Amino acid sequence: MKGIGLFMSEPVQVKRVALPEDTLARLITPERARALLKKGVYTYGILKEGQRSLMGVCIFSLSDDVPLAVSLEELYVLKEYRGNGYGKILLEKVIEELKKDKIRYVLYKKVSEKIEEVFECYDYAIKNGFVPSVIDEKILYYDIVSLLGRNFENKESEIKKEMDRVVRFKDLSGEEIIRFNEKKDHGLYKIRLKSFDEKLTHFFMDKGEILGVAKAVRDGTKVILNNIYLKPEMNLTQNYEALLIGFVRAAAHDESIELVVIQTVGNGRKEIVKKLLGRSNAEYPATELVRYLDTKEVSK
């Protein structure tokens, strides 16, 4: 991504900033700051013209799943400056530059144990041009110990045909991923190399073609299973179960993993997960939205 210069908007300015971990931790939380800096992010600050003290920050990262998309990680304005439109100024200035870099989508996701926080973020995003992209999402947390004793033998026998079609990355030649990404019938979903854990991610195959993906992302001792993707005509319960079992078995055999986080969309899929894995240790609501950018408005 190209460097972004200084914007002037009386009486404030917005510019690209490089914040050390301790400074960012004071604006959000130490844990969140550490995770973001490890992930690799772009940070922009808003401040009064001629001054150095930040009034707020906008932080985003390049999306691993969606081409020409960024993920809005944080939009934070200090309490004493809230209610004056500074957050909107900051977001709009950054979006102007994203358009110049041919970014087409800004993705936003909020997960919280407090449903009111999810609704508050949802309402704010809607007012700033975002539209819902995922409905009825839940994030389920399982301690790895609670999964070690799960017996899938009966279920695996029941869906043996589907289990035989589940493979790991090492079983692919690489050409299957290229063909998958070239097809347009997967919507915006793409499989980007190095954006997933190769040992834990599983693929649902048929005649050399990828028809489904259970993409796992490792974060220290935690592994996150993004919502399992299946082509519409393959979106069947037994196919979903096969991918889920393949992932859980691999995670249970990895001694470095302590926590498994599973994203589910829709009550049906959540119930499938709970039926196979039992009651989760924690369950949080989430919301996902997207803002579509019209890059045609931006001159080259």
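Engineer: Looking at this model, I keep getting lost on the pattern of salt bridges. Mind explaining?
Structural biologist: Side-chain pairs of opposite charge can arise whenever the charged atoms involved come near each other. Counting across every chain of the model gives 22 salt bridges. In this structure, Asp-164 engages Lys-160 in a salt bridge whose closest nitrogen and oxygen atoms are separated by 3.0 Å. With a relative accessible area of 52%, Asp-164 lands in the exposed category. With a closest N to O distance of 2.8 Å, Asp-197 and Arg-218 form a salt bridge. With Asp-197 in the loop between helix H8 (175-182) and strand S9 (202-206) and Arg-218 in strand S11 (residues 216-219), the pair connects residues that are 21 residues apart, well separated along the chain. Overall, Arg-218 belongs to the partly exposed group, its relative accessible area being 29%. Look at the salt bridges and you will find they share partners, linking Arg-32, Glu-73 and Glu-74 into a network.

Engineer: Would you explain the environment of Tyr-142 in this entry?
Structural biologist: As for its placement among the helices and strands, Tyr-142 is situated in strand S7 (residues 131-143). Residue class for Tyr-142 comes out buried when judged on its relative accessible area of 0%. Aside from chain neighbours lying at most four places away, what touches Tyr-142 is Leu-147, Glu-258, Leu-259, Val-260, Ile-262, Val-273, Lys-274, Leu-277, Gly-278, Arg-279, Ser-280 and Asn-281. A distance of 2.7 Å separates a polar atom in the side chain of Tyr-142 from the backbone oxygen of Gly-278.

Engineer: What's the story with the sheet that holds strand S8 (residues 166-168) in this structure? I'm lost.
Structural biologist: The strands making up a sheet associate through backbone hydrogen bonding, with each pair oriented either parallel or antiparallel. Taken in spatial order, the four strands of this open sheet run S8-S9-S10-S13, and their pairing is antiparallel. Edge strands, defined here as strands with exactly one partner in the open sheet, are S8 and strand S13 (229-230). Sheet topology note: the S8/S9 ladder contains three bridges and is antiparallel. The residue bridging Val-167 from the neighbouring strand is Phe-203, located in S9. On the sheet, H8 packs against S9, strand S10 (209-214) and S13 and is oriented at approximately 90° with respect to S10.

Engineer: Hey, could you run me through the nonpolar core in this one?
Structural biologist: Proteins that are soluble and globular tend to have nonpolar side chains buried together. With 34 residues, the main nonpolar core has Leu-244, Val-260 and Leu-277 as its most contacted residues. For this core, the secondary-structure elements that each account for two or more residues are S7, helix H5 (144-148), S10, strand S12 (222-225), helix H9 (237-252), strand S14 (259-265) and helix H10 (267-277). The element that contributes the greatest number of residues to this core is H9, accounting for nine residues. Judged by nonpolar contacts, the second largest core, of 24 residues, contains Val-94, Val-106, Tyr-108 and Leu-293.

Engineer: Which parts of the structure should I look at to understand the side chain of Glu-288?
Structural biologist: Residue placement: Glu-288 occurs in strand S15 (residues 282-292). Among the polar contacts made by the side chain of Glu-288, one reaches the side chain of Gln-263 at a distance of 3.1 Å. The contact partners of Glu-288, leaving out residues within four places of it in the chain, are Tyr-108, Lys-109, Pro-132, Ser-133, Val-134, Glu-137 and Gln-263.

Cut-offs and rules
Residues numbered from 1 in each chain as written. Predicted model: local features only at pLDDT ≥ 70, side-chain atom pairs only at ≥ 80, totals over all residues. Heavy atoms only, no water. Salt bridge = Lys/Arg side-chain N within 4 Å of Asp/Glu carboxyl O. Buried < 20%, exposed > 50% of the residue type's maximum accessible area, 1.4 Å probe, protein only. Helix = DSSP H or I, 4+ residues; strand = E, 2+ residues; numbered from the N terminus. Contact = heavy atoms within 4.5 Å. Polar contact = N/O pair within 3.5 Å; in protein donor to acceptor, adjacent residues only side chain to side chain. Pairing = 2+ DSSP bridges. Axes fitted to C-alpha atoms, helices over the stretch in contact; angles between N-to-C directions. Core = buried A, V, L, I, M, F, W, Y, C linked by side-chain atoms within 4.5 Å.

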